[in-house]
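Letter by letter, the chains look like this.
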Amino acid sequence: MIGSGYVGLVTGACLADSGNEVVCVDIDKAKIDLLLAGGVPIFEPGLAEMIARNRANGLIDFTTDKRRGIEHGDVVFIAVPTPMSDSGAADLSHVYAAAEDIGTYMDRYKVVVDKSTVPVGTADEVRAIIRKKTRHDFDLVSNPEFLKQGKAVADFMQPDRVVVGSDSQRALDVMRELYEPFLRTFHPLIAIDIRSAEMAKYAANCFLATKISFINEISNLCEKAGADISAVREAIGADKRIGYEFLFPGIGYGGSCLPKDVQALLHTAETLGADMHLLSAVEQVNSEQKTALVSKMVDRFGSRSGAKRLEGLHVGLWGLSFKPQTDDVRAAPSLVVAQRLVELGARVRAYDPEATKQAKNVLGNSIEYAGNMYDAVEGADALVLLTEWKQFQRPALQHVKSAMRQHVVFDGRNIYDPDRLRADGFEYHGMGRLRGRTMEETE
Ligand code: NAD
């Protein structure tokens, strides 16, 4: 496994758990040292236990020694980052570096599996790079990863589907054997051509991004039209063609995948001379949505004009990770919200169960970090909920109330019952919900 991040570690641990001998390689020595010392560099439910179990069984090991990792594998996975470059295109330098290494240390036939998310045609490049370095036979497979951070282990163990792009029966047989333990309950392995597999990953993420921007746009319109997005979602989601999933209004999508994958596909389209009007709009809606909550706060509290419209406002932020159950803050909308609040003069004190350390790397001392959720709202004029961690869903409201200076709640994920909060003496602002009224009151 080349690359021991979210995808590499989860894939490596799950493959070890099904009896394979896995060596995870990384260029980050601190990460490997931590893993060798029994630590796990990321938070992902169930992962630490699985790694510990398989280390004890001798089925998983960690190294910075590329040669050792590559020579070890009959199957070599590429699970390195493909971040967004300045042009919006996927930066493939890590993938190409991994390909160079694989070619250099290739000692027998291997199946090389690209698990990183890469634009259509990358497999040809990777194959060419390896070919230049070795005379050994090898096959290249595209095996895009669809796991969700926060549920990554469960997703890998019971995937909706496994996609394998391959032009070799031999490699396909190896992949079937590898994934067979995870596909026992009729989850399909979808064997397709390599380019379609590469495209499928982008199409999937871009579709999910489209759903989010769609519901956010409808939600914003609900606010103007006097309708309630929760009721609208309930009504439309019952249609099986639409469904309820990924139709939650909020503060915009973020994370390590959706934003960069949308940009990368737009870039691919541009280089191929294709217009993607829909996807461009998805991206634009998302970028505006990240500050929609701040605009509500300015409407409510912005007493003055100019750059410091929220001067003197104390804000307690709950949640920094881009979604619950992860410590990942890459492209998290919460960072944009926090930065914008600071720019407007607000004093921000944040709490996140897992992501504080990562957020600190980005936000530094521009905000304060609280040791627990109640500490974050001490003396606050506004509580701003950004990530729907379970522990935020049913707070001790009296405790929150006595800690706060003013009792105004901005619920960026619509996790609270507006009636309940109002009954407890809070002023409630959600996303696309009937402002200041309950459903019953408007009938
Ligand atoms: P990550 O940043 O968490 O981990 C990547 C690791 O690769 C890092 O530890 C880095 O040090 C290491 N690395 C970089 N270059 C290397 C090299 N040449 N040799 C060895 N190690 C190297 O990234 P991630 O979130 O695991 O994502 C990896 C790929 O999987 C990306 O293409 C991403 O788009 C895709 N993906 C991610 C997710 C997700 O939820 N995170 C889901 C599906 C697909």
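Described in the following lines is the structure provided in the data block. The structure displayed is predicted, hence computed values, not measured ones. (Residues numbered from 1 in each chain as written. Predicted model: local features only at pLDDT ≥ 70, side-chain atom pairs only at ≥ 80, totals over all residues. Heavy atoms only, no water.)

With that settled, the discussion passes to the overall build of the protein. When its secondary structure is counted, the protein shows 20 helices and 13 strands. Looking at the 443 residues of the protein, the share that counts as buried comes to 52%. For the protein, long-range pairs separated by at least 24 residues make up 72% of all intrachain contacts whose partners lie at least 6 apart in sequence. Working note: accessible area of the protein is about 20,000 Å², and carbon and sulfur atoms make up 51% of it. Here the protein holds 52 positive side-chain charges and 61 negative ones, and the gap between their average locations is 2 Å. (Helix = DSSP H or I, 4+ residues; strand = E, 2+ residues; numbered from the N terminus. Buried < 20%, exposed > 50% of the residue type's maximum accessible area, 1.4 Å probe, protein only. Contact = heavy atoms within 4.5 Å. Areas by Shrake-Rupley, 256 points an atom, 1.4 Å probe, with all protein chains shown as cover. Lys, Arg positive; Asp, Glu negative; His and termini not counted. Charge placed at Lys NZ, Arg CZ, Asp CG, Glu CD.)

This paragraph deals with the pairing of strand S6 (residues 162-165). Of the two faces of S6, the one holding Val-162 and Val-164 and the one holding Val-163 and Gly-165 are both buried throughout. Inspection of the sheet shows S6 paired to strand S7 (residues 189-192) by four bridges, in the parallel sense. Its bridge partner being in S7, Val-162 is matched across the sheet by Leu-189. At this point the chain moves from S6, through helix H8 (residues 169-179), to the parallel S7, and the crossover so formed is right-handed. (Pairing = 2+ DSSP bridges. Right-handed = clockwise from strand over helix to strand, strands pointing away.)

Gaps between atoms show up when a probe of the same size as a water molecule is rolled over them. The computed volume of the second largest pocket comes to approximately 460 Å³. Taken together, 20 residues make up the lining of the second largest pocket; nearest its centre are Asn-20, Glu-21, Asp-74, Val-75 and Leu-178. For the lining of the second largest pocket, the secondary-structure elements that each account for two or more residues are strand S1 (22-25), helix H4 (66-72), strand S3 (75-78), strand S4 (110-114) and H8. In terms of residue count, H8 provides more of the lining of the second largest pocket than any other element does, three residues in total. Grouping the constituent residues of the lining of the second largest pocket by class yields eleven nonpolar, five polar and four charged. (1 Å grid on protein atoms, 1.4 Å probe; cavity = no way out; pocket = protein on both sides within 12 Å on 5 of 7 lines; lining within 4 Å. Points joined across faces, edges and corners; volume = space filled by probe spheres on them. Nonpolar A, V, L, I, M, F, W, Y, C, P; charged D, E, K, R; others polar.)

The next subject is the nonpolar core. Counting residues in each nonpolar core, the largest one holds 39 residues, and the members touching the most others are Val-10, Leu-15, Leu-47, Phe-62 and Tyr-179. Per-element tally for this core: the top contributor is helix H1 (residues 6-17), with seven residues. When sequence neighbours within four positions are dropped, the list of residues in contact with Val-10 reads Gly-5, Glu-44, Leu-47, Leu-147, Ala-152, Val-153 and Phe-156. Counting residues in each nonpolar core, the second largest holds 35 residues, with Leu-92, Ala-99, Ala-264 and Leu-266 among its members. (Core = buried A, V, L, I, M, F, W, Y, C linked by side-chain atoms within 4.5 Å.)

Those residues of helix H15 (residues 356-363) that sit buried are Thr-356, Ala-359 and Leu-363. Along the axis of H15, the buried positions cluster into a sector of 65 degrees, meaning they face one direction only. Among the exposed residues of H15, those pointing more than 90 degrees away from its buried face are Lys-357 and Asn-361. Of the surrounding elements, those touching the buried residues of H15 are helix H14 (333-343) and strand S10 (368-369). Within two residues after H15, Gly-364 carries a phi angle of roughly 55 degrees, on the positive side. (Arc of directions from axis to C-beta.)

Going through the model one piece at a time under the given rule, you end up with seven aromatic pairs. Taken together through their ring pairs, the aromatic side chains of Phe-156, Tyr-179 and Phe-182 make up a single cluster. For Arg-300, the ring lying beneath its charged end belongs to Phe-301, and the centroid distance is 4.7 Å. (Phe/Tyr/Trp six-rings, centres within 6.5 Å; stacked < 30°, edge-to-face > 60°. Lys NZ or Arg CZ within 6 Å of the ring centre and 35° of its normal.)

Spanning twelve residues, helix H6 (residues 122-133) covers 17 Å between terminal C-alpha atoms, matching the ideal 16 Å at 1.5 Å per step. Every buried residue of H6 is accounted for by Thr-122, Ala-123, Val-126, Ile-129 and Ile-130. Along H6, the residues classed as buried sweep out an arc of 125 degrees about the axis, all on the same side. In this structure, the buried side of H6 is in contact with S3, helix H5 (93-105), S4, strand S5 (138-142) and helix H9 (194-225). (Expected span 1.5 Å × (residues − 1).)

Moving on, we come to the site of the ligand. Residues in contact with the ligand amount to 25 residues; listed here are only the nearest, Asp-26, Lys-31, Thr-82, Gln-149 and Lys-260. Within the contact set of the ligand, a nitrogen atom lies 2.8 Å away from a side-chain nitrogen or oxygen of Gln-149. Residue Ser-256 places a side-chain N or O atom 3.4 Å away from a nitrogen atom belonging to the ligand. Bound to the protein, the ligand loses 92% of the 830 Å² it would expose on its own. Residues of the shell around the ligand, tallied by class, amount to nine nonpolar, nine polar and seven charged. (Near = heavy atom within 4 Å. Polar contact = N/O pair within 3.5 Å; in protein donor to acceptor, adjacent residues only side chain to side chain.)

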